[in-house]
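Below are the chains, spelled out letter by letter.
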Amino acid sequence: MTAPEPARYHAEYAWLPDRPAPDADVLIEVVDGRFGPVTAGVPVPPPDARRLPGLTLPGLANAHSHAFHRALRGRTHGGRGDFWAWRTQMYAVADRLDPERYLALARATYAEMALAGITCVGEFHYLHHAPDGAPYADPNVMGAALVEAAAQAGIRLTLLDTCYLTATVDGKPLAGPQLRFGDGDAAGWARRAGAFTPAGAHARVGAAIHSVRAVPADQLAEVAGWAREHAAPLHLHLSEQPAENEACLAYHGKSPTALLAEAGVLGPATTAVHATQLSGLDLDVLGSSGTGICACPTTERDLADGVGPIRKLADGGSPISLGTDSHAVVDLFEEARAVELNLRLATLTRGQFSPVELLRAATEGGHATLGWTDAGRLERGDRADLVTVRLDSARTAGVPPVGVFFAAGAADVTDVLADGRPVVREGRHVRLDVPTELSAAIAAVTS
Ligand SMILES: [Zn+2]
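So, here is what we can say about the structure in this document. (Residues numbered from 1 in each chain as written. Predicted model: local features only at pLDDT ≥ 70, side-chain atom pairs only at ≥ 80, totals over all residues. Heavy atoms only, no water.)

1. So, the pairing of strand S7 (residues 156–163)
Residues in a regular strand point their side chains to alternate faces of the sheet.
Consideration 1: Counted residue by residue, S7 has eight buried out of eight residues, so it is predominantly covered.
Consideration 2: Residues Arg 156, Thr 158, Leu 160 and Thr 162 of S7 are buried on one face, and the alternating residues Leu 157, Leu 159, Asp 161 and Cys 163, pointing to the opposite face, are buried as well.
Consideration 3: With six bridges joining them, strand S6 (residues 118–125) and S7 adopt parallel strand pairing. When the bridges of S7 are listed, Val 121 appears paired with Leu 157.
Consideration 4: Following the chain from S6 across helix H3 (residues 141–153) to the adjacent parallel S7, one finds a crossover that is right-handed.
Consideration 5: The pairing of S7 with strand S8 (residues 203–209) spans seven bridges and is classified as parallel. The partner of Asp 161 across the bridge, within S8, is Ala 207.
Consideration 6: Handedness of the S7-helix H4 (residues 186–194)-S8 crossover: right-handed. (Buried < 20%, exposed > 50% of the residue type's maximum accessible area, 1.4 Å probe, protein only. Helix = DSSP H or I, 4+ residues; strand = E, 2+ residues; numbered from the N terminus. Pairing = 2+ DSSP bridges. Right-handed = clockwise from strand over helix to strand, strands pointing away.)

2. Observations concerning the side chain of His 129
Consideration 1: Structurally, His 129 can be placed in the loop between S6 and H3.
Consideration 2: You can call His 129 buried: its relative accessible area is 3%.
Consideration 3: At 2.7 Å, the side chain of His 129 forms a polar contact with the side chain of Asp 183. (Polar contact = N/O pair within 3.5 Å; in protein donor to acceptor, adjacent residues only side chain to side chain.)

3. Section: the sheet that holds strand S13 (residues 386–389)
Consideration 1: The strand order across the open sheet built from eight strands is S3-S2-S1-S4-S13-S14-S15-S16, with neighbouring strands paired in mixed fashion. Edge positions in the open sheet fall to strand S3 (34–39) and strand S16 (428–429), since each of these has one partner strand only.
Consideration 2: For strand S4 (residues 50–58) and S13, the ladder comprises four bridges, and the chain directions are antiparallel. What sits directly across from Pro 58, in S13, is Leu 386.

4. Some points on the environment of Leu 386
Consideration 1: Within the secondary structure, Leu 386 sits in strand S13.
Consideration 2: As a C-alpha pair, Leu 386 and Thr 56 span 330 residues in sequence and 6.6 Å in three-dimensional space.
Consideration 3: Those residues in contact with Leu 386 that sit more than four places away from it in its chain are Ile 28, Phe 35, Leu 52, Thr 56, Leu 57, Pro 58, Gly 59, Leu 378, Asp 415, Val 416 and Leu 417. (Contact = heavy atoms within 4.5 Å.)

Okay, structure coming up:
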């Protein structure tokens, strides 16, 4: 990547921290990849300032991604397939990935994210080894491919290196396409994950527990301890499907949330993804521990997971972030409004989340859960990530700027800056032909 140049931008509207609605005529200065002064109410911009018509937001954060799932979009709806049938198709794609194909598919997927205004992604990564389960010569070559993919797409990445050891809650061994996910035990996972240093300042490493299906109870504490020792974010899939809860209750006599709490896994540095199927007791445990929740409502609706109690979790003390997960849709505007609109359907009540809460979930909440606590706010000193959304498209014309999360879509993004570097200009990626790259990378793993 080239070094970021000092620059000034003049936003028609920009949403500044702790403001209930966007301000007009905001001059934004960028120095060394960080925001300098950000000043609202500057009607006449300096002549060197680049105009940003529309609404400028902090860069969006996609807190939960499996890049290779992008290859499944539009392919999994035959035969009324449920979550488990979908998973079989997902494994077929996983089986065809090698480091080169993984790099190409992830680069194209991350570039699609950049076009949607996403400046940072959390990749929940468990495709560690060759299809037969043998480590590659470099046992972290697949993770390195993801780090390189993000660099080429122009966004930051937190590689959530995922521990995945068993096929079922009662400890059945991995088999078939799952073999490449496994490191034997948590100590083996920690050795491999600990040996990896990502190339580039755009990437950092976090930890993940795939789920209570995939990490036995006696191995959970080791992964959590590794995350604490490395001051790394820890993510996990939690209670996405009723079957997972039922299996956990049958084998352990408690819910996944209770099992994780007992193992010391929960807390403010931990993010539970989905949390769609929770009991009242689970809600209390998650909220009181300050465990974050990453909602992925477009995936949850695609997979018929259900609607999680996100409002109750937020009220209980859990910070909220958003993820596009399986990439059935890559659009954080849609993701944000789906949080609100799904809850309306489930509760018969409107107005669950304010526009500012949705903004925070899509921006600073997501960056923080990925370990980038200096991103997601348009303020001096923060990483210079911004995304500009046009307010003159057929979707957004006449919409007040404060209503952007109820009107705009990824196609309305015109300009994206990540760490001060232009990534998208006038709706086009500055380096990559994204549709062509997506078509080629998906054909390589599906045809
Ligand atoms: Zn996931």
